Amino acid sequence: MIRSPPGRLPVGPRKPRLPGLHQRSLSGLRQNSERHSPARRLTEKGQHIVQVVARTEQHAAALAAEVGAAWTTDIDSIGRNIDVCIYAVSDASLAEVAERVNQPEVLHLHTAGSMPIDVLNVHHNKHYGVLYPFQTFSRQRAVDFDKIPIFIEANDEPAEAMTARLAHLLSNDVRVVTSAQRMAIHVAAVFACNFTNHMYTIAAQILHDQHVPFDILYPLISETAQKIQTMSPVMAQTGPAVRNDWNVINKHLTFLTDEQQRRLYQLITQNIQHSAE
């Protein structure tokens, strides 16, 4: 049984006030201009965002207007009437920002995939943890939060209970993981999402050079994404590399005139063949 959170952590039906959904410059929680941004989602679920802190006035004012909060660019002026402080900043600045927020009684949460939980173990903070929405966010596109896994971690049971409650406001899929597991998830996501998208960029350039529209790849991309949901990626692998079809591979290498693309093609081909052994 989870014991009641001490201090300023909300108990019973009381709803927490959430200060400071900071602007994030890298992957993970990033303020999205679309309707279903994380901040807007929490507001729609009845949470009161007291204050927004951002590096620029433009970013701070825009998000504050969206969620009906006060805003500031001065991190030292964070209000004291808060229960939870959420850090959605770059990995490089997280430790520095956390050091400047001296409020040990509130729940401190960061949203980074590759940062350990203990980065928030400063100023004798009693309760801290991680609230990591596992999705790629772009300003031009809304996301369906109901389908997004939220990975959480906390330093004690009260913090975990509160973090889980917040996470369930964002999604029905909430999972407790360790910092090591979250790092593995983040690295895997770079391969599955970021690197894959870069492959799309290369494919688009190759097609553009021959005056072929990129949308001819949509059915192929869709089928590939659907297929690995019902079979393992290893079993779903197709193409000349896994077949060891060097006649086709050499033709492709001859066709590619960009040296970086040629090296990348060779490296991935070798890796596919190694995985198939």
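Calculation rules
- Residues numbered from 1 in each chain as written.
- Predicted model: local features only at pLDDT ≥ 70, side-chain atom pairs only at ≥ 80, totals over all residues.
- Heavy atoms only, no water.
- Helix = DSSP H or I, 4+ residues; strand = E, 2+ residues; numbered from the N terminus.
- Salt bridge = Lys/Arg side-chain N within 4 Å of Asp/Glu carboxyl O.
- Buried < 20%, exposed > 50% of the residue type's maximum accessible area, 1.4 Å probe, protein only.
- Pairing = 2+ DSSP bridges.
- Axes fitted to C-alpha atoms, helices over the stretch in contact; angles between N-to-C directions.
- Contact = heavy atoms within 4.5 Å.

A. Spatial organisation of unusual backbone geometry. The phi dihedral of histidine 123 is positive, around 55°, even though this residue is not glycine. As for its placement among the helices and strands, histidine 123 is situated in the loop between strand E4 (107-110) and strand E5 (127-133). Although it is not a glycine, histidine 211 adopts a positive phi angle of roughly 60°.

B. Structural context of the pattern of salt bridges. Under the defined criterion, the tally for this structure stands at eight salt bridges. A salt bridge links aspartate 146 to arginine 41; the nearest nitrogen and oxygen atoms lie 2.7 Å apart. Here arginine 41 lies in helix H1 (residues 38-44) and aspartate 146 lies in the loop between E5 and strand E6 (150-154), a separation of 105 residues in the sequence. The class of aspartate 146 is partly exposed, set by a relative accessible area of 41%. Owing to a relative accessible area of 9%, arginine 41 belongs among the buried residues under this scheme.

C. Just the sheet that holds strand E3 (residues 84-87), in detail. Across the sheet, five strands lie side by side as E3-E4-E5-E6-E7; this open sheet has mixed pairing. Bordering the open sheet on either side are E3 and strand E7 (174-176), each of which pairs with just one other strand. Going across the sheet, the axis of each strand differs from the next one's by a mean of 25°, ignoring polarity. Summarising the sheet, E5 and E6 pair through five bridges and their orientation is antiparallel. Following the sheet pairing, leucine 131 is matched in E6 by isoleucine 152. On the sheet, helix H5 (residues 179-209) packs against E4, E5 and E6 and is oriented at approximately 20° with respect to E5.

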